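# Per-entry structural report
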Amino acid sequence: LDMSSNLIPGATWPSHQEFDEGGSTVTIDVTYKVEGMRDVKTGRGTLKALYVTAKGTYSRGGPQNPLTVDSWYVKGIGMVKQQYAVGGPTPSNFTVTLAE
């Protein structure tokens, strides 16, 4: 993840990623936005975290589908939670959370 050094609420930056996955080219184009500090529940309890959103598109060798990613970062720990929502013909949602 490329993160801007200007992480004040309202700051945005674009990201383009392209890589091969199982013979298909995956392309991700999103714009990140710093939303500000938020409380987030994790396996370590409720932590104060920098909340960053990403909105854009995802494709895997086919049409582009909407993509939304919500991420929470805690100073001294790093990313503690991330939620993905991918639209399209077979939408999927999943969450990754720090366990301990």
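Look up a bit, the structure's there.
The following refers to the structure shown. Here the structure is a predicted model, which is why all the values come from computation and not from measurement.

Our focus in this paragraph is the overall build of the protein. If you tally the helices and strands in the protein, you get zero helices and six strands. In sequence order, the protein lays out its α and β elements as β-β-β-β-β-β. In terms of overall dimensions, the protein has C-alpha extents of about 40 × 30 × 20 Å along its principal axes. The contacts of the protein with a sequence gap of at least 6 include a subset with a gap of at least 24, amounting to 30%. Charged side chains in the protein number 9 positive and 9 negative. The centres of these two groups are separated by 12 Å.

Turning our attention to the sheet that holds strand E4 (residues 65-74). Reading across the sheet, the six strands line up as E1-E2-E3-E4-E5-E6 and stay open at both edges, with antiparallel pairing between neighbours. Edge positions in the sheet fall to strand E1 (12-21) and strand E6 (92-97), since each of these pairs with one other strand and no more. With strand direction ignored, the average angle separating the axes of adjacent strands in the sheet is 20°.

The next subject is the packing of aromatic side chains. The geometry of an aromatic ring pair is captured by the separation of the ring centres together with the interplanar angle, meaning the angle of the planes. In the structure shown here, the tally under the stated rule is three aromatic pairs. Summarising the aromatic geometry, the rings of Trp13 and Tyr32 are spaced 5.2 Å apart at their centres and angled 15° between planes, so their arrangement reads as stacked. Here Tyr32 lies in strand E2 (residues 24-42) and Trp13 lies in strand E1, a separation of 19 residues in the sequence. Tyr32 shares its class with Trp13; the two are buried.

All right, on to the environment of Leu50 then. On the secondary structure map, Leu50 appears in strand E3 (residues 45-60). Overall, Leu50 belongs to the buried group, its relative accessible area being 15%. When the C-alpha positions of Leu50 and Gly36 are compared, they lie 5.6 Å apart, and in sequence the two are 14 residues distant.

The pairing of E2 with E3 spans 16 bridges and is classified as antiparallel. For Met37, the partnering residue across the bridge sits in E3 and is Leu50. The hairpin turn running from E2 into E3, its antiparallel successor, is two residues long. Hairpin connection between E3 and E4: a loop of four residues separates the two successive antiparallel strands, and Gly61 in this loop has a positive phi of roughly 70°.

So, on to the layout of surface pockets. Estimated volume of the largest pocket: approximately 280 Å³. Lining the largest pocket are 16 residues, and of these Gln17, Ile28, Leu67, Val69 and Tyr84 sit closest to its centre. Contributions of two or more residues to the lining of the largest pocket are made by E1, E2, E3, E4 and strand E5 (78-86). Examining the composition of the lining of the largest pocket, we find that four residues originate from one element, E2, more than from any other. Around the second largest pocket, the lining residues are Tyr58, Arg60, Gly62, Pro63, Asn65, Val86, Gly87, Gly88, Pro89, Thr90 and Ser92. By residue class, the composition of the lining of the second largest pocket is four nonpolar, six polar and one charged.

Parameters at a glance
Per chain, the residues get numbers from 1 upward, laid out in the order the sequence is written. The predicted nature of this model means local features are confined to residues of pLDDT at least 70 and side-chain atom pairs, given and counted, to a pLDDT of 80 or more, with totals for whole chains, interfaces and linings taken over all residues. In computing side-chain properties, one takes all heavy atoms of the structure into account and sets aside hydrogens as well as water. A helix here means a DSSP run of H or I that spans at least four residues, while a strand means a run of E at least two residues long, and both kinds are numbered starting from the N terminus. Residue contacts are counted whenever heavy atoms from the two residues lie within 4.5 Å of one another. Only four residue types enter the tally: Lys and Arg on the positive side, Asp and Glu on the negative side; His and the chain ends are excluded. By convention, the charge on Lys lies at NZ, on Arg at CZ, on Asp at CG and on Glu at CD. For two strands to count as paired, DSSP must find a minimum of two bridges between them. Here the axes come from fitting lines to C-alpha atoms, over the contacting stretch only for helices, and the angles between their N-to-C directions go from 0 to 180 degrees. Put simply, two rings from Phe, Tyr or Trp (the six-membered ring, in Trp's case) pair if the centres are within 6.5 Å, and we call them stacked under 30 degrees between planes, edge-to-face over 60, tilted for the rest. Three labels apply to residues, based on accessible area from a 1.4 Å probe with only protein chains included: buried if under 20% of the type maximum, exposed if over 50%, partly exposed otherwise in between. In the cavity and pocket records, a cavity denotes points on a 1 Å grid over the protein atoms alone where a 1.4 Å probe fits but cannot get out, a pocket denotes an open set with protein on both sides within 12 Å along at least 5 of 7 lines, and lining residues are residues with an atom within 4 Å of a point. Grid points are joined across faces, edges and corners, and a volume is the space filled by probe spheres set on the points. Three classes are used, and their members are as follows: Ala, Val, Leu, Ile, Met, Phe, Trp, Tyr, Cys and Pro are nonpolar, Asp, Glu, Lys and Arg are charged, and the others, Gly among them, are polar.

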